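Coordinate inspection notes
The lines below spell out each chain.
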Amino acid sequence: MSVFWHRTAKTGAFGCLAAAPNIVFASSGASAPINTVAVSMFLIFVVVTLGITYWAAQRTKTTQDFYAAGRSVTGFQNGLAIAGDFMSAASLLGVSGLIFVGGFDGLIYVIGGIASWPIVMFLLAERLRNLGKYTFTDAVAIRLDANPVRLLSACGTLVAVVLYLIAQMVGAGKLVELLFGIPYEGAVLTVGVLMIVYVTFGGMIATTWVQIIKATLLLFGATVLAFLVLAHLDFSIESLFRKATELHGNGLAILAPGGLVSDPISLISLGTALVFGTAGLPHILMRFFTVPDAREARRSVLYATGFIGYFYILVFILGFGAIVFVAGDPNFFDSATGKLIGGSNMAAIHLAKAAAGDIFLGFISAVAFATILAVVSGLTLSGASAISHDIYVNVICRGEAPESDIVRLSRISTVALGVLAMALGIAFEAQNVAFMVVLAFSVAASVNFPILFLSMYWRGLTTFGAVAGGTIGLVTTIVIIVLGPTIWVDTLGYAEAIFPYRYPALFSMTASIVSIIGLSLLDRSPAATSAALAFDAQIVRSHTGIGAEGAVAE
Amino acid sequence: MEELYRHIIANPEFHALRKRRSRFSWMLLSIVLGSYYTFIFVVALKPSALAIPLHSGTVITWGIPVGLSIILLCLALTAFFVSRANNTFDPATRSIIDAAERACLETDPNVD
C-alpha cells in the first residue's frame, strides 16, 4: 500500500501551490444526491452577501469607492480581507489534502505561504500605500514613462488574474458538483453570475465585506474542526501524530521531509514561487489602497499574518486529523487503491463528516463554495482595474477620462471578465488546471514583484530596463513551464521534458531581475536621467506619505 | 508640495532616519529569508536532519517544531516591525515633516 500512497503523492498533488486550488477530484461523472444542508447554508450566505452588495452599491459612486472602498477600510478589516484572499479553497482543501497524502511536506506550502507576509510588510506595504492609487502599477509608473510600464504591469496582472480565475472556476465546478450534487456547468455559472453581481454593483466595498464574512466563517469552521480532532485525542499532539503514523501507509516517514518533492532544485524553485509570488499577486496588492494611510496598511499586514498563521496551523492539524479519522474508514478511503474517495482534496471534507456529522459537513461545504466565490470576486476586480484604470484611463485617455466613464467602463470590464471566466471554466472542465496556478504565482514572482520592488528601491531603474526586463521575465516563465514536465509531459504527453524542472520561479525571477538591472544600466537615454532625478521625490513621498492618495474624494 | 519635498531632502535628519529604517527592514528581512531558505535547503538537501525524533519514545520529529517556529518567527518579527514603526519611526517622520512645513512658511508665508 505504501507504493500507492507514494505514487499519489508524486502525481496527484505535485503541481499545487498553497494559496490556490489544486482541486482535481477523482471522479466527477457520477451525480451525487443534492445536499440540502449544504445548499441551504450556501443560500443563506448568498442572501446575506447580496444584502451587503445592495448596501455597498449605495456607497459606490466614484472610482475611489469602486476600486479602493473609499479608503475607509480599517487595518483590522483589511487584514481579515487579505487573509481571506489568501485562504482560498486550496488552502483548506488542497493543503490539508497534501498533508493527508504526503505528511510533513505539506508544511513546505504552509511555511512558504506564511514567510511571504513579512516580506510584504518590510518591503512593500507602506511604500505601496504612499505611492499608489488603485493598482500596484500606479506605484511603478510614478517616475517612469507611464504608458509602456503600465501596459506591461497590466499584462502581468491580467495573465496572473486570468490563469488564477480559470483554476478557481474549474475547482469550483468540480467541488460543487461533488459536494452539492448540482451539475458542473450550473456551479460555474452560479459562481460567475454572483461574482459579477458583487463586483459590478458593490465594487471593492462589497468584495471586501464578502471576503471578511467568508474569512470569519472559514476560521470558525477550521477552529471547530481542529478542536474536535484534538478533543478526540485528549488534546495530545503526541497521540495525533502517533495515530497518524500508525494509520498512514508510509508510517513514520510522514513526519519527515521527502514525501512530495524529491528534486532539490524544484523544491527551491517552488519555495521561491511561494514566497515572492504572493508578494506580487495583484488582487492582494490592491487591498493596500483601501486603507486610509500607511500606518493602517502596516496594521493590515500584521493582522493578515496573524490570521493566516493561525489558520495554517489549524490546517496542519486537520491534515493529520484526516489521516487519523478518515484513512481507516472504508466510507471515505479506498484501501485497494490507497486513495481518498473523491480525490485527495476531499480530506478536510471527509474529516468534517467523520468528526462532526452531516450538518457540519454541510457547513464546511458551503464555506468552501463561499471561499471560491470571494476569491474570484477579488481577482475579477483586480483584472477590471488593470483594464479600465491602467490601460483605458491612463494609457488610452492619458489620465483625462471623466469620472462617470471610468466607473461605467470598470463595470463593463467586470462583466466581460466574468463572462470570460465562466466560458474558460466550462472549456477547461476536463483539463488538469493545477499548472495554471503555478504559472500565475510564477508570473507574479517574475514580472510584478521585480518591477515593483526595483522601482521602489533602486534609483537606477529605467523605463526601458523595467519594460524589456519584465517582458523577458514573463516570456521566460511561460517558455519554461511549457517545456517543463507540467505541460510538455503531463499535458502534451511527450516522454521527456525539454526543461527538467517543474517550477519556473527560480529561473524566471532571476532572469527577470538580472535583465531589468542590466538593461537599465545600459540605458543612457534622457528618460533614464530624469527617472533617476525623480527618485528623490519618490523617496520622500514613500517615507512621509506627503502627496499620497488620501481618504478624501479626489 | 515640491517646496516641502525640497526641504525634507535637504534635511540630514531625514536621511539619517531613512538609513535607520532601511537598516531595520533589511535586518528583519534577512532573518526571515535566511531562516526560510535554510529550512527549504535542509528539506531539499539533507531531509534526514529534520527526521530525527525529538527524544526517545516520541514519533514527533525535529521538523515539526522547526516548521512551527518559523511560522511564529514570521509573526513575531512582523509585530516587532509594527511596534517599532509606530513608536519610533512615525514620530521621527512627523517631526521632520513639521520642521519642513515650518521652513516652508518662513520662506514663503503664502504657501498653504
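To be clear, the structure that these remarks concern was listed above.
Let us look at the structure shown here.

So, how was this worked out
Residues numbered from 1 in each chain as written. Chains lettered and ligands numbered in written order. Predicted model: local features only at pLDDT ≥ 70, side-chain atom pairs only at ≥ 80, totals over all residues. Heavy atoms only, no water. Contact = heavy atoms within 4.5 Å. Buried area = accessible area lost by both parts, 1.4 Å probe. Salt bridge = Lys/Arg side-chain N within 4 Å of Asp/Glu carboxyl O. Polar contact = N/O pair within 3.5 Å; in protein donor to acceptor, adjacent residues only side chain to side chain. Helix = DSSP H or I, 4+ residues; strand = E, 2+ residues; numbered from the N terminus. Nonpolar A, V, L, I, M, F, W, Y, C, P; charged D, E, K, R; others polar. Phe/Tyr/Trp six-rings, centres within 6.5 Å; stacked < 30°, edge-to-face > 60°. Patch = residues over 30% accessible without salt bridge, like charges linked within 9 Å, V, L, I, M, F, W, Y side chains within 5 Å. Areas by Shrake-Rupley, 256 points an atom, 1.4 Å probe, with all protein chains shown as cover.

A separate point is the interface of chain A and chain B. Counting residues at the interface gives 51 residues for chain A and 48 residues for chain B. Here chain A and chain B share an interface that buries about 4,600 Å² over both sides, 80% of which is from carbon and sulfur atoms. In this assembly, chain A and chain B are joined by three salt bridges. Note that Glu 126 of chain A and Arg 21 of chain B form a salt bridge whose closest N and O atoms lie 2.7 Å from each other. The interface formed by chain A and chain B contains 12 residue pairs in polar contact (both at pLDDT 80 or more). Elements with a contribution of two residues or more to the side of chain A that touches chain B: α6 (106–131), α10 (237–247), α11 (264–278), α13 (294–326), α16 (434–457) and α20 (526–544) of chain A. Each residue belonging to the side of chain A that touches chain B can be placed in one class, and the counts come to 34 nonpolar, 10 polar and seven charged.

In this section: the packing of aromatic side chains. Residue and element names in this part refer to chain B. One pass over the structure, following the stated rule, counts 34 aromatic pairs over all chains. Their ring planes at 70° and their centres at 5.4 Å tell us that Phe 24 and Phe 80 sit as a pair that is edge-to-face. On the criterion of sequence distance, the pair formed by Phe 24 in helix α2 (residues 12–45) and Phe 80 in helix α3 (residues 63–107) is long-range, its members being 56 residues apart. Ring plane angle 80° and centroid distance 5.3 Å describe the contact between Tyr 36 and Tyr 37, whose orientation is recorded as edge-to-face.

Turning next to a nonpolar patch on the surface. A contiguous nonpolar patch, built from Ile 52, Leu 54 and Trp 62 of chain B and spanning about 270 Å² of accessible area, is present on the exposed surface. In this structure, Trp 62 of chain B sits in the loop between α2 and α3.

As for its placement among the helices and strands, Ser 455 of chain A is situated in helix α16. In this structure Ser 455 of chain A touches Ala 139, Val 140, Arg 143, Leu 461, Phe 535 and Gln 538 of chain A, once residues within four positions along its chain are discounted.

This brings us to unusual backbone geometry. Residues and elements named next belong to chain A. The residue Ala 69 is not glycine, and still its phi comes out positive at about 50°. Tracing the sequence through the fold places Ala 69 in the loop between α3 (63–68) and α4 (75–86). Phi is positive for Asp 234, which is not a glycine, with a value near 55°. Here Asp 234 is to be found in the loop between α9 (184–232) and α10.

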